[in-house]
Amino acid sequence: MAVQINMATDLTTTKRVLSAAASVAATVMLFRSITQDMLPSEFYNMNIRKMFSRFSSQLTMVIHEFDGLVQNQIYEAAEIYLSCRLSPSTCTDQRFRVSKPQTERNFTLKMESNEEIIDIFNNVKFKWVFICRETESMSDNYIVRSEVRSFEVSYPKKYKVMALEFYLPYILKEAKSILQQKKTLKIFTSDISGNMWRPMNLDHPATFNTIAIDTDLKDRIMKDLDSFLKRKDYYRKVGKAWKRGYLLYGPPGTGKSSLIAAIANYLHFDVYDLELTQVKCNSDLRRVLLATANRSILVVEDIDCTIELQDRLAGNRENSTSDQVTLSGFLNFIDGLWPSCGDERIIIFTTNHKEKLDPALLRPGRMDFHIHMSYCTPSGFQVLASNYLGIKDHILFQEIKDLICMTQVTPADVAEQLMRSDELDTVLNDLIQFLQVRKKQNEEHKNQEESAVKKEEPPIKKCEKDEEANDDIDDQSRN
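The rules behind these values
Residues numbered from 1 in each chain as written. Predicted model: local features only at pLDDT ≥ 70, side-chain atom pairs only at ≥ 80, totals over all residues. Heavy atoms only, no water. Pairing = 2+ DSSP bridges. Helix = DSSP H or I, 4+ residues; strand = E, 2+ residues; numbered from the N terminus. Axes fitted to C-alpha atoms, helices over the stretch in contact; angles between N-to-C directions. Parallel < 35°, antiparallel > 145°, perpendicular 65-115°, else oblique. Left-handed = near helix turned anticlockwise from the far one by under 90°. Contact = heavy atoms within 4.5 Å. Nonpolar A, V, L, I, M, F, W, Y, C, P; charged D, E, K, R; others polar. Buried < 20%, exposed > 50% of the residue type's maximum accessible area, 1.4 Å probe, protein only. Phe/Tyr/Trp six-rings, centres within 6.5 Å; stacked < 30°, edge-to-face > 60°. Lys NZ or Arg CZ within 6 Å of the ring centre and 35° of its normal. Salt bridge = Lys/Arg side-chain N within 4 Å of Asp/Glu carboxyl O. Arc of directions from axis to C-beta. Right-handed = clockwise from strand over helix to strand, strands pointing away. Core = buried A, V, L, I, M, F, W, Y, C linked by side-chain atoms within 4.5 Å.

**Examining the sheet that holds strand E14 (residues 345–351)**
Taken in spatial order, the 7 strands line up as E10-E9-E12-E13-E14-E11-E15 in an open sheet, and their pairing is mixed. Where the open sheet ends on each side, the last strands, each with one partner, are strand E10 (197–201) and strand E15 (369–372). Averaged over all pairs of adjacent strands, the angle between their axes in this sheet comes to 20°, without regard to strand direction. Bridge count between strand E11 (residues 243–249) and E15: 4 bridges; the pairing is parallel. Its bridge partner being in E15, Leu 247 is matched across the sheet by His 370.

**A closer look at the packing of helix H12 (residues 378–388) against helix H13 (residues 397–406)**
Orientation of H12 relative to H13, taken along the N-to-C sense of each, is 130°, at an axis distance of 9 Å. Viewed along their axes, H12 and H13 adopt a mutual orientation that is oblique. Like other packed secondary-structure pairs, H12 and H13 cross with a definite hand, here right-handed. In contact with Pro 378, Phe 381, Gln 382 and Ala 385 of H12, H13 contributes Phe 397, Ile 400, Lys 401, Ile 404 and Cys 405. Its residues assigned to classes, the contact of H12 with H13 comprises 7 nonpolar, 1 polar and 1 charged.

**Some points on the environment of Ser 150**
The topology assignment puts Ser 150 in strand E8 (residues 142–156). What makes Ser 150 buried here is its relative accessible area of 6%. Through-space distance from the C-alpha of Ser 150 to that of Ile 131 is 5.3 Å; in sequence the pair is 19 residues apart. With sequence-adjacent residues up to four places away left out, Ser 150 is seen in contact with Val 62, Ile 63, His 64, Tyr 75, Val 129, Phe 130 and Ile 131.

**Here we look at the packing of aromatic side chains**
A ring pair, where both rings are aromatic, is described by two values, the distance of the centres and the angle of the planes. Taken as a whole and judged by the stated rule, the model has 17 aromatic pairs. Relative to Tyr 167, the ring of Phe 121 has its centre 5.1 Å away and its plane inclined at 45°; by these criteria the two rings are tilted. Of the two residues, Phe 121 is situated in strand E6 (residues 116–121) and Tyr 167 in helix H4 (residues 160–182); the sequence distance between them amounts to 46 residues. On the basis of relative accessibility, which here comes to 12%, the residue Phe 121 falls in the buried class. By relative accessible area, Tyr 167 is classed as buried at 0%. Judged by centre distance (5.9 Å) and plane angle (45°), the rings of Phe 228 and Trp 242 are tilted. Taken together, the positions of Phe 228 in helix H5 (residues 215–230) and Trp 242 in the loop between helix H6 (232–238) and E11 put the pair 14 residues apart, joining distant regions of the chain. Here the two residues Phe 228 and Trp 242 agree in accessibility, since each one is buried. Within the aromatic cluster, the residues linked to one another by ring pairs are Tyr 75, Tyr 81, Phe 121, Phe 126, Trp 128, Phe 130, Phe 151, Tyr 155, Tyr 167 and Tyr 170. Of note, Arg 231 hangs over the ring of Tyr 234, and the distance from its end group to the ring centre comes to 4.1 Å. A cation sits over an aromatic face here: Lys 354 above Tyr 249, 4.5 Å from the ring centre.

**Some words on the pattern of salt bridges**
Oppositely charged side chains may form a pair once their charged atoms are brought near each other. Considering all chains together, one arrives at 9 salt bridges under this definition. For Glu 344, the salt bridge is made with Lys 176, and the minimal N-O distance between the two is 3.8 Å. Here Glu 344, found in the loop between helix H10 (327–335) and E14, pairs with Lys 176, found in helix H4; they are 168 residues apart in sequence, far enough to count as distant. The class for Lys 176 is partly exposed, based on a relative accessible area of 44%. Linking Arg 420 and Glu 416 is a salt bridge whose minimum nitrogen-to-oxygen distance equals 3.6 Å. On the accessibility criterion, Glu 416 (45% relative accessible area) is partly exposed.

**A closer look at H13**
Three or more residues of H13 are buried, namely Phe 397, Ile 400, Leu 403 and Ile 404. Along the axis of H13, the buried residues cluster in a sector spanning 130°; they form a single face.

**As for the pairing of strand E12 (residues 270–273)**
The pairing of strand E9 (residues 186–190) with E12 spans 3 bridges and is classified as parallel. Bridge pairing in E12 places Phe 188 opposite Tyr 272. Bridge analysis of E12 against strand E13 (residues 296–300) gives 4 bridges, and the strand direction is parallel. Residue pairing in the sheet places Asp 270 in a bridge with Ser 296 of E13. In terms of handedness, the path from E12 via helix H8 (residues 282–290) over to E13 forms a crossover that is right-handed.

**Some remarks on H12**
Residues lying three or four places apart along an α-helix face the same way, a consequence of the helix completing one turn every 3.6 residues. Every buried residue of H12 is listed here: Gly 380, Phe 381, Val 383, Leu 384 and Ala 385. With its phi angle positive at about 75°, Gly 390 sits one or two positions after the end of H12.

**Digging into the nonpolar core**
Core analysis: the biggest nonpolar cluster contains 30 residues, and Ile 221, Leu 259, Ile 297, Ile 346, Ile 348 and Ile 371 have the highest contact counts within it. The biggest single contributor to this core is helix H7 (residues 256–267), with 7 residues. Look past the residues within four positions of Ile 348 in its chain and what remains in contact with it is Tyr 246, Leu 248, Ile 260, Ile 263, Ile 297, Leu 298, Val 299 and Val 300.

**Comments concerning the environment of Gln 436**
Mapped onto the secondary structure, Gln 436 falls in helix H15 (residues 424–456). Residue Gln 436 is classed as partly exposed on the basis of its relative accessible area, which comes to 39%. The spacing of Gln 436 and Thr 407 is 29 residues in sequence and 8.2 Å in space, taken between C-alpha atoms. Once you skip the residues sitting within four places of it in the chain, Gln 436 turns out to touch Glu 399 and Leu 403.

None of the figures reported here should be taken as evidence of function without further support.
Set out below in structure tokens:
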């Protein structure tokens, strides 16, 4: 009997609580409806938000896509940064957008409307929400629909300074790096008129792991590139444009083009292949150079064959005209106008004959690092064998390396021999025979050159020899 009374009492109490809660909820809904009808929506939303924000420990930043008519840099950076944070551990919703431009290789991921992402920075939780709402406007009796996009990022109020001074700059930096690494590399070539750049995808597979150059030289190049990328503040401090010049010189087939591709893949820089013979005059050259982008490599191949030196020679100055690219004009653009209009520029010149170049082109500041692309070395052969044959050692390797040290043979020649057969022993034995033949040819060629030099030297008479000997004796007695 007592149990039944208690159950009845509990049931009555529960009914009263539910009735009171329903009454309160109805009153709140009625109050909200009245205030929405009587007050403007902007006033209502603003004041309600303010009322709740006073009791909230969170702060919210709103990042709109546009600042007036100008694209908001922080919005762009946040979009790139957050696209790499889309994962099951960060998304509260498993919805996101995927796209792929026709000319690009990589997929692009973006947040879906109203999706949230949690990002942790310095042990502080930042909650990002993507807001996208449609708007309508009338234009020439037509309804124009558009989207207004923004990000809302919420975090504890006490970290306001950290968010503005450290978190947002970090996002800008990370977005720049992500964009650089994800972009599809391009090689730009000038058109027939020499006035425009035409882009194509750069698919060259060369890397510093695959190019057949001396290991020590390879390490020096990589360290120099790394140092260049880190010294932006230093270049500005000393008042110099943030650029670096490289000269690649050596005989054909030693891998100059492959090294350029390896540098582009290592830095993830686009390449501008400048064909100076297609540029008509200095003014066209200025226009072409100013059209290049930051974080790029300007390549001028066979510089000794593409620049006329008449304006550097006093006797021919009267023959110079404005309808040609001159060396002095080219140097003025390299040193002055072009590099000052951008950052992180690499300039690479190639030549088979360094001795033919004007000294003005070789000085530091224009060509900072001279890289001799020599004939194949034992370490270069080791790389080629690993790339083409998939092996790191063999009983015939030592004999091959000894022959390479005594033979002037290019990495391109060795690579061609390694591709001739799928049979390992056959390939290596054929390579040994090739090197032996090439060694003999080199020795014969050297002997012919020495004989030709001896024939060109005038015979020295006996009396002239005696006079030279007497002069040497007099010089020694005076000393």
